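So you can see what is in the structure, the chains are spelled out below.
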Amino acid sequence: GVVAISFGVWFLYTMFGKTDFQRLCEKNNHFWLQSVPVRDGVALSSDTATGCFLDAGVYHFADKREYEFFFQPREILLELVSLPEKPIAGKPTHFTVSLSEIKDGRKFGPAKDIGISHDRILHALVIGEDLATFAHIHPEDLGPVGEEIKKEARFPLHYIFSKAGRYAINLNYVASGQERSKVFYVNVSGEDSMEKEIGLGETGSQIKEFEGYNVIFRAPKRINAGERVKLRYSIERDGNAVQDLEPYLGAAMHVGIVHRDFSRFLHTHGEAFEFGSVWFQQLFGKYTRYHTHFVPDQFGPTIITQPWTTVFPIAGTYQVFGEFKHAGKIIVTKFALDVE
């Protein structure tokens, strides 16, 4: 009886208790909750209000019209500038990411409202054609990103390519609360060249060891291109479940996915899966103990990728890179998957 009554209350609230603004917020995969007004991670007042929260860029709107204005379509040009025509393996490479507003087909000026996403203003996944080389870099690695850098929308990056060959640089950023990405390909010269490592993918559960951690990776036995997928990670060390994993850049895990033919890329995230986690608290609209992106201070051993952003676009074999943090150290995992 209690279950039936609870379900009835939930159903009535879902059907008739939500405002148009709340429905729009949740349709866009944002969070309807109580918060102080926030713009680009900065609180504008100490007074709280119920409204729509965007963890991408960190915004909270209590007014529907302001929310809709913020989400007006914008065209932005992303360019790699000052990158050497052919970088040399083993030597430092410095380059800059430039973001420009496009109006009427022409550059209008530096892009505005570039927000912080997962604790960084820009994320760059560097992946080698061997599908084994992987790095996750940011402008903040070189120092603070000040207001002048934001105003010019030119963000510096630094990387040392380990071997000669072809690399992809998958750039991710947030403009006006909307996540965007673009991929560039770079040919690197040098004597020692990469060789492809990835073989045939697998299905279902896999277990591998990475730097002393046993990682149990679970995926559906059959994955179809275009469908939403949950990938599950369980972390163990010395035969014990690791229950004190730490947030890494505002997420339980960062996940980079690349197709074997080097044509498709995806940067998504994992969430802590435990009693009282965001999965349960979403039912009640109340979030406690959580960082901006709803990650507890400690969690484990299970992490599940966000199903609404984990979608394999085409059939084939993919390499799935996962990054988690424990005892202050970043561990990189990799698993191959077949998609039909």
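Small disclaimer: the values here were computed from a predicted structure and weren't measured. (Residues numbered from 1 in each chain as written. Predicted model: local features only at pLDDT ≥ 70, side-chain atom pairs only at ≥ 80, totals over all residues. Heavy atoms only, no water.)

S.K.: Could you give me a rundown of helix α2 (residues 20–27), with the residues and numbers involved?
M.R.: All of the buried residues along α2 are Phe 21, Gln 22 and Cys 25. In an axial view of α2, the angular spread of the buried residues amounts to 95°, which keeps them on one side of the axis. Seen from the buried face of α2, the exposed residues on the opposite side, beyond 90 degrees, are Asp 20 and Lys 27. (Buried < 20%, exposed > 50% of the residue type's maximum accessible area, 1.4 Å probe, protein only. Helix = DSSP H or I, 4+ residues; strand = E, 2+ residues; numbered from the N terminus. Arc of directions from axis to C-beta.)

S.K.: Account for the packing of aromatic side chains, with residues named and values stated.
M.R.: A full pass over the atoms with the stated rule returns 20 aromatic pairs. Taking the centre distance of 5.0 Å and the plane angle of 45° together, the rings of Tyr 67 and Phe 71 count as tilted. Under the relative-accessibility criterion, Tyr 67 is labelled buried at 1%. For the pair Phe 312 and Tyr 318, a centre-to-centre distance of 4.8 Å together with 65° between the ring planes defines the contact as edge-to-face. Of the residues examined, Tyr 318 reaches a relative accessible area of 1% and is grouped as buried. Among the aromatic residues, those joined into a cluster by ring pairs are Phe 21, Trp 32, Tyr 59, Phe 61, Tyr 67, Phe 70 and Phe 71. Its end group placed over the ring of Phe 108, Lys 103 keeps NZ or CZ at 4.2 Å from the ring centre. Here Arg 166 stacks its cationic end above the ring of Tyr 185, 4.1 Å away from the centre of that ring. (Phe/Tyr/Trp six-rings, centres within 6.5 Å; stacked < 30°, edge-to-face > 60°. Lys NZ or Arg CZ within 6 Å of the ring centre and 35° of its normal.)

S.K.: Explain the side chain of His 118 to me, using residue names and the numbers behind them.
M.R.: Take His 118: it is sitting in the loop between β9 (114–115) and β10 (123–128). By relative accessible area, His 118 is classed as buried at 5%. Within the structure, the side chain of His 118 is placed 3.1 Å from the backbone oxygen of Leu 249, a separation counted as a polar contact. At 3.5 Å, the side chain of His 118 forms a polar contact with the side chain of His 269. (Polar contact = N/O pair within 3.5 Å; in protein donor to acceptor, adjacent residues only side chain to side chain.)

S.K.: Can you lay out the nonpolar core for me, pointing to particular residues and giving the numbers?
M.R.: If you look at the biggest cluster of nonpolar residues, it comprises 29 residues, and the most contacted ones within it are Leu 99 and Leu 171. Listed by contribution, the elements that provide at least two residues to this core are β6 (75–81), β7 (92–103), β10, β11 (134–137), β12 (154–160), β13 (165–175) and β14 (178–188). If you tally residues by element for this core, the top one is β13, at five residues. Once residues within four sequence positions are removed from consideration, Leu 99 is found in contact with Ile 76, Leu 77, Leu 78, Pro 110, Ala 111, Ile 114, Ala 153, Phe 155 and Tyr 173. Of all hydrophobic cores here, the second largest spans 28 residues; its members include Ile 235, Ile 257, Val 295 and Phe 312. (Core = buried A, V, L, I, M, F, W, Y, C linked by side-chain atoms within 4.5 Å. Contact = heavy atoms within 4.5 Å.)

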